[in-house]
Each structure stands twice: as structure tokens, then as C-alpha cells.
Amino acid sequence: MIGLLIRNSWAQLRRDRAAQVLAFAVPIAFFSIFAIIFGAGGRVQNTSRVAVAVVDEAGTAKSRALVAALQADSGLKVITSAPPARRGVAAATPDTALTRAAAEQMVKTGNLPVALVLPAGIESAIGSFNGAGPRALILYDPSDPVAGRVVGGLLQRAALRASAAGGLMGLPAGGDADAMLPLRFEQRAVLGEKRESPMVAFYAAGIAVMFIMFSAAGAGGALIEETDSGTLERVLTSGLGMNGLLLGKWLYATSLGCAQITIMFVWGMLVFKLPLLQHLPGFAIMTVFTAAAASAFGLVLATLSRTRQQLAGFANLLVLSLNALGGSMFPRFLMSDTLQRISLVGFNSWALEGYLKVFWREAPLAALAPQVGALVGFTMLFLMLARRLARRWEAA
Amino acid sequence: MAVLEIRDARKSFGANRALDGLSLALREGELLGLLGPNGAGKTTLIRAISGRVKLDGGSVSLYGRVVEIGHARTDLGVVPQENALYPLLTARENLETFGKLNGLDGKRLRERTAWALEWTGLADRAKSEVRSFSGGMKRRLNLACGVLHEPKLVLLDEPTVGVDPQSREAIYDMLAALRTAGTSLLLTTHYLEEAEARCERIVIIDRGRAIAAGTLPELVTHAGLAGRRVRLSLDRPAASAPAGFALAEEGNALTATITDVAHELPGLLSRLQGAGLGVRDLEVRTASLQSVFLELTGKELRE
């Protein structure tokens, strides 16, 4: 009897294409996507070099040798003059040396995770092993604390290489460990120094964006239920057309998304000291546009799906993949440049970046323009797509 | 004047011709029954009238005016086959929702909602969520949501399907009240006895065409079944049928058609006696819609 039940279940699975895809293809797709994002096959090691702005204020032969040693390091991508072709970098003009202020600004705006300043007189400290002379300064983005430590470590190797190349090695017999470093340095976070839980802002934004995408897909799924129950047919028979129907669904899901994000951030404020009140305008802007885009995305999924099961499959696959790629689970800045560029195809990357600008970088509202613009664009695109897909419900 | 007139309606879904030149007319204040087997095109026709199906050919006219797809039809009420209600909303909220969608608001909406709750017998359940209702209660509310805005014409797609006889009676009482108020009703059903007992005229459709229309006597005549059917069970099998009779049931019964029972029946019985046949039982019937339907479509009407 039990064997009969098992046989029947397999027979039903064999005849249900959607269930087969969910059971076998979706896990493979997930695995592949996550493996690519999180660096399977060691490819990430080749592409995720730590980008560091190096400011050589000493300008001596030894400091230049140190910079050269840093540039030769395969673990670093050293920027000494013009910033890489990224948007909105406030730095020196092309082909001029970076200043300390410009490098710090690059870190603050999130264009680089770390900057290294070699102050005047640093040559006396390179390879001295006695703690004498000024210290190098590492300015890092606390959202990426690993980068600062990596640069600190690789700086020692570069200092040793630079010293060895110049025949300057002279190891002392004793002394404390810090003094024995080939080059002493100090680290300073350029953001979030006064916050007790600076990473909370990152996780609040990441989780909020991911869950309103799930929520929007669920809200959009009401369309499928209404199709099954006949209320959709009844509504469409009335004066309200498909445009009105979709607009109503979208506005509802947007308001629901705004409420969800707000509740999550208020909870973050009360329990985890998230500085919500200090960033209310930016939060409001990002929340409205993010919820609008997520709701439109949910409508696309709902209009694409014929059944609730299909919707659940699409939602799981797309939402989790987009969020893995978009940085909700794993910070985008730790991904390779290629993946970071690819991740911009997901609206959630822009949303997350906008929230980080508000809560992390404390950027002015005008700095949100690229993110808001992208979210508006995505919203329009999703709404048009949903409208097109919804034609199947219109008069046949 | 015809409230609704459909001329040569044609609609195909792929190779399937759902409507194949169907024509019919509904008069003011009439209850017209649309009778047909499953897949005959009834629901497609209702959807075409309500603007949810775009005809490949032909036209739908309401009050003499050809209607277009996508235009709001507030003078039309549609009661779908499914209980198209929001289960998590209350009875009142459902009524208000569909009332607003059909152009009611303010005081008028409140008045009509109160009327609908009384009319359906759900006034004491106005604040209950619809998911807690019985099938019959949902059917009544489903009907009320379609007529709340006082349309002059109401399309009812199988309004009594799946409900118990008591609820069915209640629904027909509600429809009678609508007719008293002057509303014209077009009702699809596959319950023959309902169509026979309740509808003023009946249109029989099959394979997307109206194959007959009229009152029951007209349909009987149209099907060539006019007169009374007489069936006589014999006390022994007959080898041949006497004049005016037909053999049935392998000679165990005889049938005949007469128009005047009082004058013609005694003569029939005399002829049997003359042929030496004894009668065990006798049945006189008028042709039913069932026999008309069977005659015209060659099919039994299934649930």
C-alpha cells in the first residue's frame, strides 16, 4: 500500500513539468548562481584584488620604491593618480597625484574601500624596525574592514621588498613586535566612527530590500487568486479596466512595502540603535522608490505566472538570485568588478546602494539621484512589462 | 423593442468554434433561458455580451446600440458562474466594492447596500467574512453584487449550480422580484426543469448556434412533438402494431400521439380490444423540454 502511494507520487511528478523544474532545475540554477557570485573555481581570487588609493606625500626615492612594490603586489590594485572610470569620483584631475583629501573622499563616497597615505618623512620609517619616524595612514571604509587589514598586511610585505631592493635591511636584535614591523601604520575609519553598530545599517537595508521583493511577489499573486475565484473577471466587467486594476494592485503593494521597510527600520532604531531619525528624508525617498520598484517587479512575476506554484518558483529563484547578486547577502564591494557591474542589472543593487548612501556614507539627498533615477526607470520598465503580460486577461 | 440583440455572433478559439453564427433577442422584462449542453457556447456568449470576449464576427446590441469592447456597461449586470467574491471581506464590504466598481457611491451606495443585505437575507451577517458563509449564502450574495447598481439587463451564468433545492428556490424568488421591478434577465442553465418552469422563453443552443427559440409549446411544435404522447403497456407482446400505433419495448408496449384526449383516447382503446390486445397500464404525457432537447440536439443534457 505504501509502495502504491510512492509510485503514484512519482507518476504525478513525472506529469507535472512545473514541479519537475522546481524540484530539479531550480536547485541547480541556485547552486550555479551562488557558486559564481561567491567565487567558485578560484576565479574571484584573480579578479577581487583590493583596490587602494595610494597618496605619496613624501615623494622620495624610498617612498616611490614602496609604491612600486605595492603596485607589483598581485593582491592589490593601486591607484595613484586618476581614479578608475567610476561615476562621481571627486578626486584629482587625470594624471595628477592624488591628495590625501581626494583619497579620503573616494573612500567616503564608496568608490574605494581603502586609501593609504605615506606622509612626509616616511622614508625614515620604511624598514627601520625601530619604530622611528612617522606612520603610514590607512583610511578605510568600515563597511569593508577586511580591505583595510589586507592593505595593512600587504604594506609590510611591500616595505620589506622595497627595503631589500634598496639594500636597506638591517634587522635589530630585539625590541617590541610593533617596533619590529618594517613599516608601522595606523588605521582610521573614515565613516561610522561614532556608531555603536555600524553594520546594522547595511543589514537592515539588505534584508529589507530582499523581503519586500518577496512580499511584493506575494501581493501580486492576489491577481492569480482573483483569476481563480472569478473576481478578476467581475472587476474587469465593471468600469475599471486593466490599467486601473494594475495601478490599484501596484499602489497597494507599494504602500505595503513602505510600511514593511518602515517597521523594520523602526525596529532597527529601537533595538539596534540604527540612526533612523537622523536620516529621515533620505530614508523616506529611498523607501518610496524602492517599494515602488519592488511592487512593479512583483506584478511582473504575478502576470508571468499561471499558478501560485509557478509564482513561488519564480519568486524564489529570482528574488534570492538578485539579492545574492545585488549585495543583500554578501556585500557587492567584496565581489569582482565584473560581478559588481553585472549586479547593476538588478534594481535591488541600486536600492541597496541608495540606502547605504543614506545611512552609511551620510551622503546629501542630491547624491541619491542616480539610484532614484535607476529605480524610476526599473519601475517604468516593470509596469510596462506587467501591462503587456496582463493582456492575457483582457478580452479574448 | 429588444433589450438585447445578438446577430450572427461568431467566435473561435483555435479550431474550436465556440459561437458559430448565433443570433437571439431578449425582450424588455423577459426571463430568457439559454439552454445547452456543456461546451455549447453559453459562457462565451455571456462573456461576449459583457465585453470580455471580442467577437470574430456579428454584433451585440443593447437597447438598439451596438456595443464595443472595453466600454463600461453600467446598464448591464453580470452574475458569474463562480462565486466571484472576496472571501476575507465581509458581505457589506463585498457589496460596497462591487457597487463602487459599477458606479455607485455616497448615499446611493449605502441605500443599495442596505437593500441588498435585506434582499439576500444576510442583514444579520453583514459584518461576517464571506469565507464563513454557506454555499447558498455565497450564491445569494454573488447575485446581489451583480444587480446592486440596478442594471436594466442582468446576465446570469448558471446562478443555481451547486446549491441545495431550498437555496435554489430562494434565488428564483430573488429573480422574480427583479422581474417585477422591470429587469430583463438572460439566464444560462443546464437544469431542464428550471428552464421549463421558470423561463418565459427558451433558446436552445448547441455547437455555438441557436437551434430553436420560443416558449415550451412553440419548442415542442418546432421539434415535431406536438400533441400528447400515449403509452400503453400490454398484457402480452404484440406481433404487429394496430393502425395508429407504433410498437415499443419489443412489442410489450404501444405508443401513439393524439391531440384531444377526451375524444381520441376511447377510440384508441376500442381498436386495441378489436385487435385482441389487453392493456395493463396507460400513460398520457405532454412532450417535455427533455424530449424536445433530445430531439433537437440528439443529446441528453448532463449536469
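About the criteria used
Residues numbered from 1 in each chain as written. Chains lettered and ligands numbered in written order. Predicted model: local features only at pLDDT ≥ 70, side-chain atom pairs only at ≥ 80, totals over all residues. Heavy atoms only, no water. Helix = DSSP H or I, 4+ residues; strand = E, 2+ residues; numbered from the N terminus. Buried < 20%, exposed > 50% of the residue type's maximum accessible area, 1.4 Å probe, protein only. Contact = heavy atoms within 4.5 Å. Areas by Shrake-Rupley, 256 points an atom, 1.4 Å probe, with all protein chains shown as cover. Lys, Arg positive; Asp, Glu negative; His and termini not counted. Charge placed at Lys NZ, Arg CZ, Asp CG, Glu CD. Arc of directions from axis to C-beta. Salt bridge = Lys/Arg side-chain N within 4 Å of Asp/Glu carboxyl O. Polar contact = N/O pair within 3.5 Å; in protein donor to acceptor, adjacent residues only side chain to side chain. Nonpolar A, V, L, I, M, F, W, Y, C, P; charged D, E, K, R; others polar. pLDDT = per-residue confidence, 0-100. Patch = residues over 30% accessible without salt bridge, like charges linked within 9 Å, V, L, I, M, F, W, Y side chains within 5 Å. Pairing = 2+ DSSP bridges. Axes fitted to C-alpha atoms, helices over the stretch in contact; angles between N-to-C directions.

Chemist: Where do I start with the overall build of chain A in this structure?
Modeler: For chain A, the count of helices and strands is 15 helices and 5 strands. The proportion of buried residues among the 396 residues of chain A is 45%. Of the contacts formed within chain A by residues at least 6 apart in sequence, a portion of 73% connects residues at least 24 apart. Accessible surface computed for chain A: about 18,400 Å², of which carbon and sulfur atoms make up 64%.

Chemist: For this particular structure, what's the right way to read the overall build of chain B?
Modeler: A count of helices and strands for chain B gives 9 helices and 14 strands. Once the C-alpha set of chain B is aligned to its principal axes, its extents read approximately 80 × 45 × 35 Å. Here chain B holds 303 residues, and the buried ones make up 49% of them. Considering only residue pairs separated by 6 or more positions, chain B has 67% of its internal contacts joining residues 24 or more positions apart. Looking at chain B as shown, the accessible area adds up to about 14,200 Å², and 47% of this sits on carbon and sulfur atoms. Distance between charge centres in chain B, computed from 39 positive and 38 negative side chains, equals 5 Å.

Chemist: Just checking my understanding: could you explain helix H8 (residues 222-229) of chain A for this structure?
Modeler: All names here are of chain A. For H8, every residue scored as buried is listed here: Leu223, Ile224 and Glu226. All buried residues of H8 fall inside an arc of 160 degrees around its axis, so they share one side. Trailing H8 by a residue or two, glycine 230 shows a phi angle of about 95 degrees, which is positive.

Chemist: Got a minute to help me understand the interface of chain A and chain B in this structure?
Modeler: Think of interface size as the accessible area that goes away when the parts come together; that is how it is often given. Taken residue by residue, the interface counts 16 residues in chain A and 24 residues in chain B. Between chain A and chain B we count 2 salt bridges in total. Between arginine 52 of chain B and glutamate 233 of chain A there is a salt bridge, with the nearest N and O atoms lying 3.4 Å from each other. Viewed at the interface, chain B and chain A are joined by 7 residue pairs in polar contact (both at pLDDT 80 or more). Elements with a contribution of two residues or more to the side of chain A that touches chain B: H8 and helix H9 (231-237) of chain A. Counting residues per element, the side of chain A that touches chain B draws most heavily on H9 of chain A, which supplies 6 residues. Of the residues contributing to the side of chain A that touches chain B, the split by class is 6 nonpolar, 6 polar and 4 charged.

Chemist: In this structure, what is going on with the confidence of the model for chain A? I would like to understand it.
Modeler: If pLDDT is low for a region, its predicted coordinates should not be looked at in detail. All names here are of chain A. When pLDDT is averaged along chain A, the result is 79, and 83% of the positions lie at 70 or above. Taken element by element, the predicted model of chain A shows its lowest mean pLDDT in helix H3 (residues 43-47) (44) and its highest in helix H15 (residues 369-389) (95). Throughout residues 40-47 the model reports pLDDT below 50, and contacts reaching past four residues in sequence, or to other chains, amount to 5 contacts.

Chemist: So what exactly am I meant to see when it comes to a nonpolar patch on the surface here?
Modeler: A cluster of nonpolar side chains, contributed by Ile2, Ile6, Trp10 and Phe24 of chain A, occupies part of the molecular surface with about 470 Å² of accessible area. Looking at the element boundaries, tryptophan 10 of chain A is found in helix H1 (residues 2-15).

Chemist: Explain unusual backbone geometry here, please?
Modeler: For residues besides glycine, phi is generally negative; the peptide bonds are generally trans as well. Residue and element names in this part refer to chain B. Phi at glutamate 158 takes a positive value of approximately 50 degrees, unusual for a residue other than glycine. Within the secondary structure, glutamate 158 sits in the loop between strand S7 (153-157) and helix H5 (165-180). Residue glutamate 158 is classed as buried on the basis of its relative accessible area, which comes to 4%. Even without being glycine, glutamate 249 reaches a positive phi, approximately 50 degrees. Mapped onto the elements of the fold, glutamate 249 is located in the loop between strand S12 (246-248) and strand S13 (253-258).

Chemist: What is the right way to look at the sheet that holds strand S10 (residues 209-214) of chain B in this model?
Modeler: All names here are of chain B. Pairing is mixed across the open sheet formed by 6 strands, whose spatial order is S6-S7-S8-S3-S9-S10. Every interior strand has two partners, whereas the edge strands, strand S6 (76-79) and S10, have only one. Each adjacent strand pair in this sheet contributes to an overall mean axis angle of 15 degrees, direction not counted. This element, helix H4 (residues 135-147), spans S6 and S7 of the sheet and lies at about 160 degrees to S6.

Chemist: Sorry if this is basic, but what is going on with the pattern of salt bridges here?
Modeler: Counted by the stated rule, this structure contains 25 salt bridges over all chains. The salt bridge partner of arginine 157 of chain A is aspartate 73 of chain A, with a shortest N-O separation of 2.7 Å. Of this pair, arginine 157 of chain A sits in helix H6 (residues 145-165) while aspartate 73 of chain A is found in the loop between helix H4 (61-72) and strand S2 (76-79), placing the two residues 84 residues apart along the sequence. Arginine 157 of chain A sits in the partly exposed class, given a relative accessible area of 35%. Given the relative accessible area of 2%, aspartate 73 of chain A is considered buried. Each member of the salt-bridge network shares a partner with another, and the members are Lys107, Arg108, Glu111, Arg112 and Glu150 of chain B.

Chemist: Can you help me understand the environment of leucine 216 of chain B in this one?
Modeler: Residues and elements named next belong to chain B. Topologically, leucine 216 is positioned in helix H7 (residues 216-222). Expressed as a C-alpha distance, the spacing of leucine 216 and arginine 201, which sit 15 residues apart in the sequence, is 7.2 Å. Sequence-distant contacts of leucine 216, that is, excluding residues within four places in its chain, are made with Glu196, Ser288 and Leu289.

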